[in-house]
Amino acid sequence: MKKKNIAIFAAAGILIASGFALSVTASPKEDAWVQKWGKILSDHYSSQQKQPAKAAAQEGTNAVVPEAGEIFEKGVNATITTDEVEQAAAYYQLGGMSEKEAYAEAVDYARKREALYQEALKNGYQVTSQEVWDYLEHFKEELHEYQNSDMVDTIMEQFDSEEDYWNYEFTVYQKNLPIQNYVHDLEQEYLAQQENPEISWETHFEKLKETLAANENYQQAP
């Protein structure tokens, strides 16, 4: 059976396949590149562990709230942390961008991701802790079926333990999973309504993210 590719950095802690793939000029197959990225994720996880946890956003569920940390910007509903921006900027720099370019791209990424997350919650796409763990368990079971699963192993090795790696993934997919579920349904609805759409789903989705981010009217934290 032909093995599948995996959206490796979706599984490795920052991005999701549904509209947030980042392009890089360096090859992600290079071990040194993957090791550096894994170290960044590991350091990010360690810093999170030192920050106080926040209460669940939705009463009666384990829905996620913005991760603890210094606030970078606040919108109407969304909150972006400095940690999120710095991590995304580090990814872009590893991909070959200058520090200035990486920072600008990271801010844009964080604004759109958080706005989309808030829209997912508003439309009922909350997840419980159990749902997130079930998703990760399914991923673990199928990991061997992917061509580049060794990249996950390399990233995992940068953490103090395998348990730390999966605990970190849990914090990521608390937010990623609602977005993924929401975007999947949006795409299916869009394509069902338009048999031959004049505007592709990809173009439509980019405009949607821009609109949602603009509507948040983000302001820098004082």
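Residues numbered from 1 in each chain as written. Predicted model: local features only at pLDDT ≥ 70, side-chain atom pairs only at ≥ 80, totals over all residues. Heavy atoms only, no water.

Draft legend 1. A negative patch on the surface, seen in detail. A cluster of like negative charges, contributed by D31, D150, D153, E157 and E162, occupies part of the molecular surface. Relative to the helices and strands, E157 resides in the loop between α6 (149–156) and α7 (162–193). (Patch = residues over 30% accessible without salt bridge, like charges linked within 9 Å, V, L, I, M, F, W, Y side chains within 5 Å. Areas by Shrake-Rupley, 256 points an atom, 1.4 Å probe, with all protein chains shown as cover. Salt bridge = Lys/Arg side-chain N within 4 Å of Asp/Glu carboxyl O. Lys, Arg positive; Asp, Glu negative; His and termini not counted. Charge placed at Lys NZ, Arg CZ, Asp CG, Glu CD. Helix = DSSP H or I, 4+ residues; strand = E, 2+ residues; numbered from the N terminus.)

Draft legend 2. Structural context of the packing of helix α2 (residues 31–49) against α6. The N-to-C vectors of α2 and α6 enclose an angle of 50 degrees; their axes lie 8 Å apart at closest approach. As judged from the angle between their axes, α2 and α6 are oblique. The chirality of how α2 crosses α6 is right-handed. Contacts between α2 and α6 pair D31, V34, Q35, W37, G38 and L41 from the former with M151, T154 and I155 from the latter. For the contact of α2 with α6, the per-class residue count stands at 5 nonpolar, 3 polar and 1 charged. (Axes fitted to C-alpha atoms, helices over the stretch in contact; angles between N-to-C directions. Parallel < 35°, antiparallel > 145°, perpendicular 65-115°, else oblique. Left-handed = near helix turned anticlockwise from the far one by under 90°. Contact = heavy atoms within 4.5 Å. Nonpolar A, V, L, I, M, F, W, Y, C, P; charged D, E, K, R; others polar.)

Draft legend 3. How the structure looks around the nonpolar core. I80, V85, A106, L116, V183, W201 and Y218 are the most contacted members of the largest nonpolar core, which has 27 residues in total. Looking at this core, the elements that each hand over two or more residues are α3 (82–94), α4 (99–122), α7 and α8 (201–216). Take this core: its biggest share by element is 10 residues, from α4. Every residue in contact with A106, bar those within four places of it in the chain, is listed here: V85, A88, A89 and Y92. (Core = buried A, V, L, I, M, F, W, Y, C linked by side-chain atoms within 4.5 Å. Buried < 20%, exposed > 50% of the residue type's maximum accessible area, 1.4 Å probe, protein only.)

Draft legend 4. Representation of the confidence of the model for the protein chain in the model. The predicted model of the protein chain has a mean per-residue pLDDT of 80, with 77% of residues at 70 or higher. When the elements of the protein chain are averaged for pLDDT, helix α1 (residues 8–11) gives the smallest value, 44, and strand β1 (residues 71–74) the largest, 95. Low pLDDT, under 50, characterises residues 1–26; the stretch is placed with 86 contacts to residues that sit more than four places away or in other chains. Note on residues 54–67: pLDDT under 50 across the span, and 32 contacts to partners over four residues away in sequence or across chains. (pLDDT = per-residue confidence, 0-100.)

Draft legend 5. Spatial organisation of the sheet that holds strand β3 (residues 219–220). Spatially, β2-β1-β3 is the arrangement adopted by the 3 strands of the open sheet, whose pairing is antiparallel. Because the sheet does not close on itself, it has two edges, and the strands there are β2 (79–81) and β3. Bridging between β1 and β2 involves 3 bridges; their strand directions are antiparallel. When the bridges of β2 are listed, E73 appears paired with I80. (Pairing = 2+ DSSP bridges.)

Draft legend 6. Spotlight on α8. Given a rise of 1.5 Å per residue, 16 residues ought to cover 22 Å, and the 23 Å separating the end C-alpha atoms of α8 matches this to within 8%. All of the buried residues in α8 are W201, F205, K209, L212, A213 and E216. Buried positions in α8, seen along its axis, are confined to an arc of 105 degrees and lie on one side of it. Facing away from the buried side of α8, by more than 90 degrees, are the exposed residues A214 and N215. Residues of α8 that are buried make contact with α4 and α7. (Expected span 1.5 Å × (residues − 1). Arc of directions from axis to C-beta.)

Draft legend 7. Just the side chain of E169, in detail. As for its placement among the helices and strands, E169 is situated in helix α7. At a separation of 2.7 Å, a polar atom in the side chain of E169 contacts the side chain of Y165. (Polar contact = N/O pair within 3.5 Å; in protein donor to acceptor, adjacent residues only side chain to side chain.)

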